[in-house]
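What follows is each chain in one-letter form.
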Amino acid sequence: MQPEIRQTLKITDTTAAKLEKLHLHSAWDLALHLPLRYEDETQIVPIAAAAVGEICQVEGVVVYQEVQFKPRKQLIARIQDGSGAMLNLRFIHFYPSHQKQLAQGETVRVLGEIKRGYFGDEMIHPKIKSAEKSDLAQSLTPIYPTTNGLNQPTLRKAVQVALNAVDVSEILPDTVLRKLKLPPLAESLRTLHHPPPDLDMKTLANGAFPAWQRLKFDELLAQQLSMRLARQRRRSGHAKSLVGNGFLSEKLLANLPFRLTAAQEKVCAEIRADLAKSVPMHRLLQGDVGSGKTIVAALSALVALENDGVQVAVMAPTEILAEQHFIKFKQWFEPLGISVAWLSGSLKKKEKEQAKAALADGRIRLAVGTHALFQHDVLFDNLALVIVDEQHRFGVAQRLALKNKGEDVHQLMMSATPIPRTLAMSFFADLDVSSIDELPPNRTPIKTKLVNHLRRAEVEGFVLSTCQKGQQAYWVCPLIEESETLQLQTATETWENLQAALPDLKIGLVHGRMKPAEKAAVMAEFVSGSLNVLVATTVIEVGVDVPNASLMVIEHAERMGLAQLHQLRGRVGRGAAASTCVLLFAEPLGQISKARLKVIYEHTDGFEIARQDLEIRGPGEFLGARQSGAPMLRFADLATDVSLLEQARQLAPMLIAEYPDVVEKHLERWLGSKEGFLAA
């Protein structure tokens, strides 16, 4: 937080640091830091009328106080109001100040939830005020989201000072607000921070309340304007026109053991048309698991490489996926005379330096790698096309960093997590979208089974019978993000237990601590069929293609996200044999875990799974917003605010054409420095 802002808000450096933890960097951020809930300190409820389970405020004279030591040390007080009704107050954690406030004979006002106690109705740890020294509140009291060490009074004061300091004058034209029946922004903020006592709390919590609708609409409009302008900027940019002569791509197609589907041919044509233009391509290629996106990416790269001296970068989020791409591209491209470089964090220094030097002077024309590709010391001679796989798993800032390695480069983003319609309308409004909407022929349907982990022995028997038929199986261990050591231990134990339980089978192990060469060797054994079972911890959910593998066992499936489960399941069903995915789960299951397992059990369609995933997770996590450090939508909910999104989408082009000054002010207010991220 800048010193002048701290001065305006009259807060200490310590408070400023705590506000930063809540992503509150400016007065405007504080003005938009809205309450989680409210407490009603505007009225006093008679003790006799206070309902059990309700939060209310009562007033009375302290008639008794005692520090008890059994069953544990606690402060007990009793108050009595004018009608003679009594209420017990109990403090398990207390200070001398509490004893002073609750001295016998003092008239106090207490706020808290009424509970049934052993000695009658009570409040535990209520908020206490002196009735003589404090007036009743004139509006409902806001309770804000906070962090450790930042109390509500400090936060309320900072928010109030910010509200007085920021300019909340109306930016949007009156005609727009009248048409949409939205209240003024200043009034909306005032109502949500300090609601009048006659406003029902349920009404305030309802997203359809006009004040909430106004904030949601403004936020969605800022996002739509940003996306439209990003698209305009891109279209006014100049990229190298990449018109392929077909020499390399036709050679590759002739060498393939399969034919492209009609859907693959259609999207290849769309990408070729984009690359031929002198404006930068910004296309999202989406297709369900196993629909054949990698070959489309390879053919797109070849169109670019058919132009003299041009370089292409292919980026994937995990080392194992990047490695799979490297192996595939090498296998396809080296017979065509194109050398492929591999760049990842685990490369030895000497190999990394050699690869970087060859990229910088243009000797290497195709680089495949992880986030290592966008480190500041990696330079390209003539980067013209960037292909980003599983793009939602990268932070927006990371995608920007790679894009900025070249001058107005063409971008092809790929996702095996289909984008639900509302998300496409919102966060991908500046993208052209291509969908591979059919699977290659000979794909067999996959049966999904939910099995309690207590029946593990039966699952091991199923693995044995599958492998005895000449097929292969994956056994995936849970990803334990907090500890790589613990994850390695779990995987090693699983591998050892399976070897003991199934001594007739050859079982391999792949984990994150292995060197790339070791991993590649184990994967090669599995691909060749000399391993029956592959135990894996690292993310093998994308890119691994073994047609003979017909069984996938996923341990602790309840810990994994829907997209990940769907991706993992898509590793089987690639050959002629009937395939099965067994989801082992441990009880008790939380609500979200239950919801995920139900969805993955009932659905195989990636779009439906993605839609339900969006409902369960929300857009931020779905898009990789957490990695960018900037929350994407604070108020709007893409599941319930589709009509507002439609209105914002329709209004954005009109404002850009007729009210450019309004657009500039609105974006500055709502996005500030974040606009660059949304244009990524």
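Residues numbered from 1 in each chain as written. Predicted model: local features only at pLDDT ≥ 70, side-chain atom pairs only at ≥ 80, totals over all residues. Heavy atoms only, no water.

(A) A look at the overall build of the protein. Across its full length, the protein carries 27 helices and 22 strands. Buried positions account for 53% of the 680 residues belonging to the protein. Contacts spanning at least 24 positions in sequence make up 75% of the contacts within the protein whose residues lie at least 6 apart. Entry remark: accessible area of the protein is about 31200 Å², with carbon and sulfur atoms responsible for 52%. (Helix = DSSP H or I, 4+ residues; strand = E, 2+ residues; numbered from the N terminus. Buried < 20%, exposed > 50% of the residue type's maximum accessible area, 1.4 Å probe, protein only. Contact = heavy atoms within 4.5 Å. Areas by Shrake-Rupley, 256 points an atom, 1.4 Å probe, with all protein chains shown as cover.)

(B) Seen up close, the nonpolar core. In terms of nonpolar packing, the biggest core is built from 128 residues, with Leu 252 and Phe 333 touching the most fellow members. The element that contributes the greatest number of residues to this core is helix H12 (residues 293–305), accounting for 10 residues. Core analysis: the next-biggest nonpolar cluster, separate from the first, contains 28 residues, Met 514, Met 523, Met 560 and Leu 565 among them. (Core = buried A, V, L, I, M, F, W, Y, C linked by side-chain atoms within 4.5 Å.)

(C) Structural context of the sheet that holds strand E21 (residues 549–554). An order of E17-E22-E21-E18-E20-E19 is seen for the 6 strands of this open sheet, with the pairing classed as parallel. Among the strands making up the open sheet, the edge pair consists of strand E17 (446–452) and strand E19 (507–510). Looking at each pair of strands side by side, their axes are set apart by 20° on average, direction ignored. Bridge analysis of strand E18 (residues 472–476) against strand E20 (residues 533–536) gives 4 bridges, and the strand direction is parallel. Each bridged residue has a counterpart across the sheet, and for Tyr 474 the counterpart in E20 is Leu 534. Here helix H21 (residues 591–602) sits on the sheet and contacts E17 and strand E22 (579–585); the angle it forms with E17, its principal contact strand, is near 150°. (Pairing = 2+ DSSP bridges. Axes fitted to C-alpha atoms, helices over the stretch in contact; angles between N-to-C directions.)

(D) Geometry of the packing of aromatic side chains. Counted under the stated rule, the structure contains 8 aromatic pairs. Each ring, one from Trp 28 and one from Trp 670, has its centre 5.8 Å from the other, and the planes form 90°; the classification is edge-to-face. Of this pair, Trp 28 sits in helix H3 (residues 27–31) while Trp 670 sits in helix H26 (residues 660–670), placing them 642 residues apart in sequence. For the pair formed by Trp 28 and Trp 670, the shared burial category is buried. Three or more aromatic residues link up through ring pairs in this structure, and these residues are Trp 28, Trp 212, Phe 635 and Trp 670. (Phe/Tyr/Trp six-rings, centres within 6.5 Å; stacked < 30°, edge-to-face > 60°.)

(E) View of H26. Within the sequence span of H26, burial applies to Val 662, Val 663, His 666, Leu 667, Arg 669 and Trp 670. An end-on view of H26 places all buried positions within 160° of arc, on one side of the element. Away from the buried face of H26 by more than 90 degrees, exposed residues Pro 660, Glu 664, Lys 665 and Glu 668 are located. Following H26 by one or two positions, Gly 672 has its phi on the positive side, about 55°. (Arc of directions from axis to C-beta.)

(F) Examining the packing of helix H9 (residues 210–236) against helix H25 (residues 642–658) more closely. In the contact formed by H9 and H25, the axes pass within 8 Å of each other and the chain directions differ by 50°. Between H9 and H25, the angle falls in the class oblique. As H9 runs across H25, the sense of the crossing is right-handed. On the side of H9, the interface is formed by Gln 213, Lys 216, Phe 217, Leu 220, Leu 221, Gln 223, Gln 224, Leu 225, Arg 228, Leu 229 and Gln 232, while H25 contributes Leu 644, Leu 645, Gln 647, Ala 648, Arg 649, Leu 651, Ala 652, Pro 653, Leu 655 and Ile 656. Taken together, the residues of the contact of H9 with H25 sort by class into 13 nonpolar, 5 polar and 3 charged. (Parallel < 35°, antiparallel > 145°, perpendicular 65-115°, else oblique. Left-handed = near helix turned anticlockwise from the far one by under 90°. Nonpolar A, V, L, I, M, F, W, Y, C, P; charged D, E, K, R; others polar.)

(G) Structural view of the sheet that holds strand E15 (residues 410–415). Within the open sheet, the 7 strands sit side by side as E12-E13-E11-E14-E15-E10-E16. Their pairing is parallel. Across the chains shown, the open sheet's two edge strands, defined by having one partner strand only, are strand E12 (340–343) and strand E16 (432–436). Between one strand and the next, the sheet's axes are offset by a mean angle of 20°, whatever the strand orientation. The sheet contact formed by strand E14 (residues 383–388) and E15 spans 4 bridges and is parallel. Within the sheet, the bridge partner assigned to Ile 387 lies in E15 and is Leu 412. Its contacts with the sheet put helix H11 (residues 262–275) on strand E10 (282–287), E14, E15 and E16, and the angle it makes with E16 is roughly 155°.

(H) View of helix H14 (residues 349–360). When the terminal C-alpha atoms of H14 are compared, their 16 Å separation across 12 residues agrees well with the 16 Å that a helix rising 1.5 Å per residue should span. Check the buried side of H14 and you find it contacts strand E11 (311–315), E12 and strand E13 (366–369). Among the residues trailing H14, Gly 362 stands out with phi positive, at a value near 85°. (Expected span 1.5 Å × (residues − 1).)

(I) Structural detail: unusual backbone geometry. A cis amide bond links Lys 70 to the next residue, Pro 71, at an omega of 0°. With respect to the secondary-structure elements, Pro 71 resides in the loop between strand E2 (55–68) and strand E3 (74–80). Along the chain, Glu 587 connects to Pro 588 via a cis peptide bond; the corresponding omega equals 0°. Within the secondary structure, Pro 588 is located in the loop between E22 and H21. Located in the positive-phi region is His 556, a residue other than glycine, with phi close to 50°. Secondary-structure assignment places His 556 in the loop between E21 and helix H20 (562–569). When its relative accessible area of 22% is taken as the criterion, His 556 is described as partly exposed.

(J) Focus on the pattern of salt bridges. Under the counting rule described, the total for this entry stands at 24 salt bridges. For Lys 356, the salt bridge goes to Glu 353, with nearest N and O atoms at 3.2 Å. One end of the pair is Lys 356 and the other is Glu 353, both in helix H14 and 3 residues apart, which spans about a single turn. Given a relative accessible area of 9%, Lys 356 falls into the buried group. Between Lys 506 and Glu 525 there is a salt bridge, and its shortest N-O distance comes to 3.2 Å. (Salt bridge = Lys/Arg side-chain N within 4 Å of Asp/Glu carboxyl O.)

(K) Quick look at the packing of H12 against helix H13 (residues 319–333). The N-to-C vectors of H12 and H13 enclose an angle of 55°; their axes lie 11 Å apart at closest approach. The angle between the axes of H12 and H13 places the two elements in the oblique class. For the crossing formed where H12 meets H13, the hand is right-handed. Within the contact between the two elements, H12 uses Thr 294, Ile 295, Ala 297, Ala 298, Ala 301, Leu 302 and Leu 305 and H13 uses His 325, Phe 329, Trp 332 and Phe 333. Across the contact of H12 with H13, the residue classes break down as 9 nonpolar, 2 polar and no charged.

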